[in-house]
Every structure is written in structure tokens, then in C-alpha cells.
Amino acid sequence: MRSRAAVPGAARRQTAARRGADRQERTAFRRRAAARDRSVPGRGAGRLGARGDLGGRRGWYEEAMTSDATRPAPTDEVVDLCRDLLRIDTTNTGDNDTSAGERRAAEYVAEKLTEVGLAAEIHESAPGRANAVARIAGTDPGRPALLVHGHLDVVPADPDEWSVHPFSGEIRDGYLWGRGAIDMKDFDAMVLAVVRHWQRTGVRPARDIVLAYTADEEAGSDYGAHFLVERHRDLFDGCTEAIGEVGGFSYSVNDSQRLYLIETAEKGLDWLRLHAKGRPGHGSMVHDDNAVTALAEAVARVGRHRFPVVVTPTVRAFLEQVSELLGIELDPEDPETAIAKLGPIANIIGATVRNTANPTRLAAGYKDNVIPGRATATIDCRSLPGQSELLEAQLRELVGPDIAIEYIQRQPALETTFDGDLVDAMSAALRAEDPGAHPVPYMLSGGTDAKAFSKLGIRCFGFAPLRLPPDLNFSALFHGIDERVPVEGLQFGVRVLDRFLRTC
Ligand SMILES: [Zn+2]
């Protein structure tokens, strides 16, 4: 054939040289991989060696993983996994008929786990409301299991308000954009990337790890975590500790130091409805028993009330460490002055020194000139650990005897201590990837699936590690417009989680 003969001598030599170089590169890769096999715990051994770390900061990932097409680097794969998940619209409207996509997302996760040999089960609580669960067998059956949980649903997003379509999964300016990018498909993808990498490379953790990808977190978890805990509690056999969302993210103190807020507590959820009753009547007449007026007065009293400051052990530990690091004066009698100096995280921390009660909905009447006999309001209350009963008493006093209080959600606050092997493993993994890391405990003002899992006696932490740029207002992105995650932050999270899950 002419084509072969037509290759000029120089080009042929070049091709041969390139083949030789490729061969050398492959040999070097195999040598590095073999060395890695000896040094990386889990390859056969399944546990860390005496060195206690994974061979230096970032070392072994960057070394060779990227050069093998059959085994993508988890730090690369996480971006694709997260983007795929963001493109599945899992908006949770709170209404089963219009909540879409959770089934598809659960199937996607199950498929990605099955593909690498991990059996995943799908548990549906109602048509379309699906949860995916899998268990990775550890090498040491004597140790209790760790639960790693992430929800698949997201809150609604209005495309008209966004710079990119909220379900496009677009990458722009170093960020991956989309509803769920930080709450919490980022973590879902990180965990998937880590365990897929493990399966491909023969790594097994010491303890069993249960992976739970849940539905319905954004509307109270009835079709997700609570359903699993109530109907399938055997899935969590042996689990004593758990990690999930809203913790492990960074807050820059300066160029070289960052706080990493690990969630060790979360406020209780006390959603209630106020009911006012009055005498119905004509809007044109004198009327002294108007339900709308009575309700409005009660709502205004609740909404304007400032509950007393109570500094819990978690908040105290947080404030002590942070004020020392930032050089802020801390007055134990007045923590709010110190909190106000924390910039973008002030509104998260500020909500954890007192109970709060925010009116969110009002309903009354059916015609402009008819005084209704009833009026209702919804109040979103959040109670500090151990304060739910007290909050109820405070509210009863505020609204007065004529307004009835009905609880529509009541889930207790959680609080655990910032100590023990698991906390040590989280801190070590963060410090290995960021020598300027200062892990600190904090209390989340919101609630998570941890509320459901803690019913099984599981000690829950928020640990979804993310290193964030100093100028990013992270807390504003939760349920916010233009939610996005830095790609480098995702990759950092994968490395931290990989270290942590191997060593915990
Ligand atoms: Zn969330």
C-alpha cells in the first residue's frame, strides 16, 4: 500500500521515537503504580501503615491517576458526577405530585455504584420519591459502621433570576453552577467519586460504610431519611456515627489560615401554626372580635420578640477558638458583639445564641367585605438544644390565652462534643490537605437529615469538606440565586474525604 511507503523517513523515525517515549512513560507509570500499591493503604492491606498519612500532601493523586483512561482520577470524575446530578432537576416542592426527579437521581447514583461493583438498593417512599442505599464492607468487622448521607433533592430555582440556567450544570469562571451545587449534590458527587475510585483500585475501608442518598430533605425528610429510619432501620445496623451536610467548609482568617466549621450541633425545628378565632361579620359594621386583628397582634409580638442569649457548649467552644485566632475580644455576657465581626458567617452563628421565631405565612378571609371567623399564621421557630419546652412556654405567653398553638413539625435539637477518633480523623484529613486549617465545632441554625438518623442513636456530624475562596459569601448561596461550587473546592473535598474515610 502506498500510504505506508509514503510516510517520509523523518516522520517514521519521529513516530517510532514517540512510541518509545510512550512505552517508557507506561513503564514509569507501572513502576509508580507499583510503588503506590506498596505505600497506599487499602491496596490489599486495607488500613493505614505506620506512617499515618498517605504520603504527603496531594502526592499520590496527582502522580499518576490521570494518565490511565480506564481509571479516571476521582478529582476529575467528581466534576462530571456533580454536573450530571445538577442536570437532573430534583426540585422538591413539598408536594408529591409536583416533586420531580428524585427517582432519576437515585437511579443515577445506584447505576454509578453498581457499575463499580457496589450493590445499591432503591427504596421508594411514594411514587417518584426514591432513596438509594449501599453498604461497603469494611475489613474489620469488629468496628462499628459509619453512615455517610447526602440528600438528592433541591429547593426550587427560578431561571429568570439566575445568570445561568439552574439545571444546566455549566462551568464558568472556575465554578460549577446549578441548584444543588453546594446543597448538596457537591457532597453526593464527592462521595461517589471516592468510593468509585476505591472500587477500581481495590481499597477497602476498615469499618463498614453505609451510603445513603436521600429524598425530601428540603421538606422535612418524611419521604427520605425519616422513611428510611422508620421503615428500613436494618439498613443502618451497626452505624454509630455519621457525616452529612453543612460542615467542613472553610472561612478565611487570612491568606495562610482558614477555619473549617465542623457541625457538631443543630438547632431544633419547631414549626407551629397560630390559630385565632373571632366572630364573623360584615366588614362595614362596628366589630370588636376580629380574628385577623387578634392574629396580627400576636404575630407582631412574636416576630419582634428577641429571646434571651444562651451560650451552649458548642457555641462557646466555637467563639473561644475563633476569637483567639482572629484576635477578637470575647465578652461571655455579650457574644453578639464578637459574632458581628465574623462577616459572611455572622448570620449563621448569630442565630445559634438564642431561640428564634420568624412568622412566615398568614392566611385569613375569603372576601374583601367579610370579617372571617378564623385566621392562621405559621411561625418558623428554631430552638437551642434542650430549649424546646421553654420556647413553647415563652411563645404561649407572647401570643396570649386566646390564640391556639398547633405544632406542625417538632424535631429536637442535636448536640455532640468535638472530640474522639472521628473528630481527630476529620481534623487530620483537613490539615493534610490544607496546612493552614483550623477545624472548629459549630452549631447549624437549620436542620438536616441528621435529625432522623440521630433517632437511631447515631452521633451525627456535618462534614462535607470544601475549601472556599476568601471572597465567596458561602452562606448566601444556600437556597440562593446563582448557587455554585468552586471546581477546586470540589476536588479538595474529594481528597479530604478520601483521606478521612480511609482513616476514620
Ligand atoms: Zn441541604
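Remember, it's a predicted structure, so these values are computed and weren't measured experimentally. (Residues numbered from 1 in each chain as written. Predicted model: local features only at pLDDT ≥ 70, side-chain atom pairs only at ≥ 80, totals over all residues. Heavy atoms only, no water.)

### Points about the overall build of the protein chain
Each helix and strand counted, the protein chain has 16 helices and 19 strands in total. Out of the 504 residues in the protein chain, the part that is buried amounts to 52%. Sequence separation of 24 or more characterises 78% of the internal contacts of the protein chain that already satisfy a separation of 6 or more. In the form shown here, the protein chain has an accessible surface area of approximately 22600 Å², with 48% of it arising from carbon and sulfur atoms. (Helix = DSSP H or I, 4+ residues; strand = E, 2+ residues; numbered from the N terminus. Buried < 20%, exposed > 50% of the residue type's maximum accessible area, 1.4 Å probe, protein only. Contact = heavy atoms within 4.5 Å. Areas by Shrake-Rupley, 256 points an atom, 1.4 Å probe, with all protein chains shown as cover.)

### Section: the sheet that holds strand S19 (residues 484-486)
Read across the open sheet, the 3 strands follow the order S4-S5-S19; overall the sheet is antiparallel. Taken across any chain shown, the strands that pair with only one partner, and hence form the sheet edges, are strand S4 (171-172) and S19. With 3 bridges joining them, strand S5 (residues 175-177) and S19 adopt antiparallel strand pairing. Residue pairing across strands places Leu 176 opposite Val 485, the latter belonging to S19. Contacts from helix H4 (residues 74-87) reach S4 and S5 within the one sheet, and its direction differs from that of S5 by about 20°. (Pairing = 2+ DSSP bridges. Axes fitted to C-alpha atoms, helices over the stretch in contact; angles between N-to-C directions.)

### Quick look at the confidence of the model for the protein chain
The predicted coordinates should not be examined in detail at positions where pLDDT is low. Here the protein chain averages 87 in pLDDT, and 86% of its residues register 70 or above. Ignoring residues within four places in sequence, the model shows residues 1-67, a span with pLDDT below 50, making 77 contacts including any to other chains. (pLDDT = per-residue confidence, 0-100.)

### Quick word on unusual backbone geometry
At the junction of Asp 183 and Met 184, the peptide bond is cis and its omega measures out at -5° in the coordinates. Within the secondary structure, Met 184 sits in the loop between S5 and helix H6 (185-201). The residue His 479 is not glycine, and still its phi comes out positive at about 65°. Looking at the element boundaries, His 479 is found in the loop between helix H15 (474-477) and S19. Of note in the backbone geometry, Asp 482 takes a positive phi value of approximately 60° without being a glycine. Examined against the element boundaries, Asp 482 turns out to sit in the loop between H15 and S19. A relative accessible area of 14% means that Asp 482 is categorised as buried.

### Overview of H6
Taking 1.5 Å as the rise per residue, H6 with 17 residues should run 24 Å; its terminal C-alpha atoms sit 24 Å apart, in good agreement. When you tally the buried positions in H6, you get 15 out of 17 residues, the bulk of the element. One or two residues past the end of H6 sits Gly 202, with phi positive at roughly 80°. (Expected span 1.5 Å × (residues − 1).)

### With respect to the side chain of Asp 498
Within the secondary structure, Asp 498 sits in helix H16 (residues 487-503). Classification of Asp 498 by relative accessible area gives buried; the value is 0%. Side-chain polar atoms of Asp 498 contact the side chain of Trp 198, separated by 3.1 Å. (Polar contact = N/O pair within 3.5 Å; in protein donor to acceptor, adjacent residues only side chain to side chain.)

### Some details on the side chain of His 151
Relative to the helices and strands, His 151 resides in strand S3 (residues 145-151). A residue is classified by how much of its surface remains accessible, and His 151, at 1% relative accessible area, is buried. A distance of 3.2 Å separates the side chain of His 151 from the side chain of Glu 245, its partner in a polar contact. Those residues in contact with His 151 that lie beyond four places of it in its chain are Asp 183, Met 184, Asp 188, Thr 214, Glu 217, Glu 218, Glu 245 and Asp 449.

### Let's talk about a negative patch on the surface
On the surface, Glu 329, Asp 331, Glu 333 and Asp 334 cluster together to form a negatively charged patch. Considering the arrangement of structural elements, one finds Glu 333 in the loop between helix H9 (313-326) and helix H10 (335-339). (Patch = residues over 30% accessible without salt bridge, like charges linked within 9 Å, V, L, I, M, F, W, Y side chains within 5 Å. Salt bridge = Lys/Arg side-chain N within 4 Å of Asp/Glu carboxyl O. Lys, Arg positive; Asp, Glu negative; His and termini not counted. Charge placed at Lys NZ, Arg CZ, Asp CG, Glu CD.)

### Brief notes about the sheet that holds strand S10 (residues 268-277)
A sheet is described by the order of its strands in space; here 4 strands give the open sequence S12-S14-S10-S15, paired in antiparallel fashion. If you trace the sheet from one side to the other, it starts and ends with strand S12 (356-364) and strand S15 (404-411), each paired once. Going from strand to strand, the sheet's axes swing by 20° on average, the running direction of each strand aside. Sheet topology places S12 next to strand S14 (residues 374-383); 8 bridges connect them, and they run antiparallel. If you follow Ala 364 over to S14, its bridge partner there is Ala 375. The sheet strands contacting helix H12 (residues 388-399) are S10, S12, S14 and S15, and the helix crosses S15 at an angle near 155°.

### What about the pattern of salt bridges?
Applying the stated criterion across every chain, the model contains 28 salt bridges. A salt bridge links Glu 241 to Arg 459; the shortest N-O distance between them is 3.8 Å. Here Glu 241, found in strand S7 (residues 239-244), pairs with Arg 459, found in strand S18 (residues 459-462); they are 218 residues apart in sequence, far enough to count as distant. We note a salt bridge from Glu 389 to Arg 410, for which the minimum N-O separation is 3.8 Å. Residue Glu 389 is located in helix H12, and its partner Arg 410 is located in strand S15; the two are separated by 21 residues in the primary sequence. Of the residues examined, Glu 389 reaches a relative accessible area of 61% and is grouped as exposed.

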